[in-house]
Amino acid sequence: MQAVALFASTGLSIWAAVIARTRRGVPGGTAFGWMMLAIAWWSFTSAMHTLIGDYEARVAISKFQYLGVAPIGPLWLLFTTRYSRVAWPAPHVTRVIVWIVPVITRVLAATNEQHRLLWASSVEGATPVGTRLAYQGGSWYWVHAAYSYFLVLIGTATLVRGLRRFPPPYHGQTAVIIIGAIVPWVGNLLYLSQALPVSGLDLTPIAF
C-alpha cells in the first residue's frame, strides 16, 4: 500500500513538473518544476526501497535517493524568492553558496562506507508493513537536515512577507502554497524524531 502511494506521488510530481515547464515565464516556475522532479525521484526511490528486500540493494537505492533529497531546500528557496519577486544580494555568488551543502551531502551519501558521516548505521527489522531499514544519522546527516529546514523557513517567511506586497487576488494562492509547504515538513519531522509507530517509515515524499 505504501509503494502504491509513493508511485502515485511520483506521478503527481512529474505531472506538476510538466505543468511548471509550460509556465516557465511565471516567476519561480522553473525552480518549482525542478523541485517537483526532485520530489518525484525521492518518491520513486522510496517506492523501490519499499519493494526490494535485498539489504545491499536498499542501501544503494538510499544513496541514489539523495539526488532528489539533497536539492529540495535550495530549490524551495529559489522558488519562493522568485515567486515573491525578492532580489538576492550578489545573486551569482549566493546561488553558488546555497548549493555547497547539498553537493557535499551527495558526495558523502555515495561514499558513506568510508566515513559514516551521513549514516552511522543501518539496521534491518520487521515492521507491520514489512521489513525496513532504519538509518541512524551521522554527524553530517543532522547538518544537512538543519540546513534544509533553515532554507525552508527562510523561503516560507519570504512568502509570508510577500502577502503584504501581492494584490488581493494572489493572497489566497500564496496562503495555499504556505500551507502546502508545512505538510511535508511535518511528515519529515515525525520521521526525524522517530515519532511514527513504524521504524524507518518516512512519510515525507507522500506528504509532498
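The shown structure was predicted, so the numbers you read here are calculated from the model rather than taken from an experiment. (Residues numbered from 1 in each chain as written. Predicted model: local features only at pLDDT ≥ 70, side-chain atom pairs only at ≥ 80, totals over all residues. Heavy atoms only, no water.)

Scanning the protein chain from terminus to terminus reveals 10 helices and two strands. Per element, the accessible surface of the protein chain, about 10,800 Å² overall, is 72% carbon and sulfur. (Helix = DSSP H or I, 4+ residues; strand = E, 2+ residues; numbered from the N terminus. Areas by Shrake-Rupley, 256 points an atom, 1.4 Å probe, with all protein chains shown as cover.)

One turn of an α-helix holds 3.6 residues; hence residues three or four places apart share an orientation. For helix 3 (residues 55–69), spanning 15 residues, the distance from its first C-alpha to its last is 20 Å, which sits close to the expected 21 Å at 1.5 Å a residue. At the N-terminal end of helix 3, a side-chain oxygen is found 3.2 Å from the backbone nitrogen of Glu 56, two or three residues along, and the residue is Asp 54. (Expected span 1.5 Å × (residues − 1). Polar contact = N/O pair within 3.5 Å; in protein donor to acceptor, adjacent residues only side chain to side chain.)

Going through the model one piece at a time under the given rule, you end up with seven aromatic pairs. Ring plane angle 35° and centroid distance 6.0 Å describe the contact between Trp 41 and Phe 44, whose orientation is recorded as tilted. Taken together, the residues span about one helical turn, with Trp 41 and Phe 44 both in helix 2 (residues 29–51) at a distance of three residues. Judged by its relative accessible area of 34%, Trp 41 falls in the partly exposed class. Relative to Phe 79, the ring of Trp 76 lies with its centre 5.8 Å away and its plane at 50°, an arrangement referred to as tilted. Of this pair, Trp 76 and Phe 79 both sit in helix 4 (residues 72–83), three residues apart, roughly one helical turn. (Phe/Tyr/Trp six-rings, centres within 6.5 Å; stacked < 30°, edge-to-face > 60°. Buried < 20%, exposed > 50% of the residue type's maximum accessible area, 1.4 Å probe, protein only.)

This paragraph deals with the environment of Thr 158. Assignment of secondary structure puts Thr 158 in helix 8 (residues 139–165). The sequence separation of Thr 158 and Arg 85 amounts to 73 residues, and the corresponding C-alpha distance is 9.6 Å.

With that settled, consider the side chain of Ser 84. Here Ser 84 is to be found in the loop between helix 4 and helix 5 (91–97). The buried category is assigned to Ser 84, whose relative accessible area is 1%. Polar contacts involving the side chain of Ser 84 include one to the main-chain carbonyl oxygen of Thr 80, which spans 2.9 Å. When neighbours within four sequence positions are excluded, Ser 84 is seen to be in contact with Thr 158, Leu 159, Arg 165 and Phe 166. (Contact = heavy atoms within 4.5 Å.)

In the contact formed by helix 4 and helix 8, the axes pass within 8 Å of each other and the chain directions differ by 15°. With respect to their mutual orientation, helix 4 and helix 8 come out roughly parallel. Relative to helix 8, the crossing made by helix 4 is left-handed. Side by side, helix 4 and helix 8 meet where Gly 73, Pro 74, Trp 76, Leu 77, Thr 80, Thr 81 and Tyr 83 of the first sit next to Leu 151, Val 152, Ile 154, Gly 155, Thr 156, Thr 158 and Leu 159 of the second. Residues of the contact of helix 4 with helix 8, tallied by class, amount to eight nonpolar, six polar and no charged. (Axes fitted to C-alpha atoms, helices over the stretch in contact; angles between N-to-C directions. Parallel < 35°, antiparallel > 145°, perpendicular 65-115°, else oblique. Left-handed = near helix turned anticlockwise from the far one by under 90°. Nonpolar A, V, L, I, M, F, W, Y, C, P; charged D, E, K, R; others polar.)

On the surface, a nonpolar cluster with roughly 570 Å² of combined accessible area is contributed by Phe 7, Trp 41, Phe 44, Leu 51, Phe 64 and Leu 67. Secondary-structure elements contributing two or more residues to the nonpolar patch are helix 2 and helix 3. The greatest single-element share of the nonpolar patch, amounting to three residues, is contributed by helix 2. As for its placement among the helices and strands, Phe 64 is situated in helix 3. (Patch = residues over 30% accessible without salt bridge, like charges linked within 9 Å, V, L, I, M, F, W, Y side chains within 5 Å. Salt bridge = Lys/Arg side-chain N within 4 Å of Asp/Glu carboxyl O.)

Attention now goes to unusual backbone geometry. In this structure, Arg 85 is a non-glycine residue whose phi angle is positive, near 60°. One can find Arg 85 in the loop between helix 4 and helix 5. Its relative accessible area of 52% is what places Arg 85 among the exposed residues.

Purely geometric numbers; function is a separate question.
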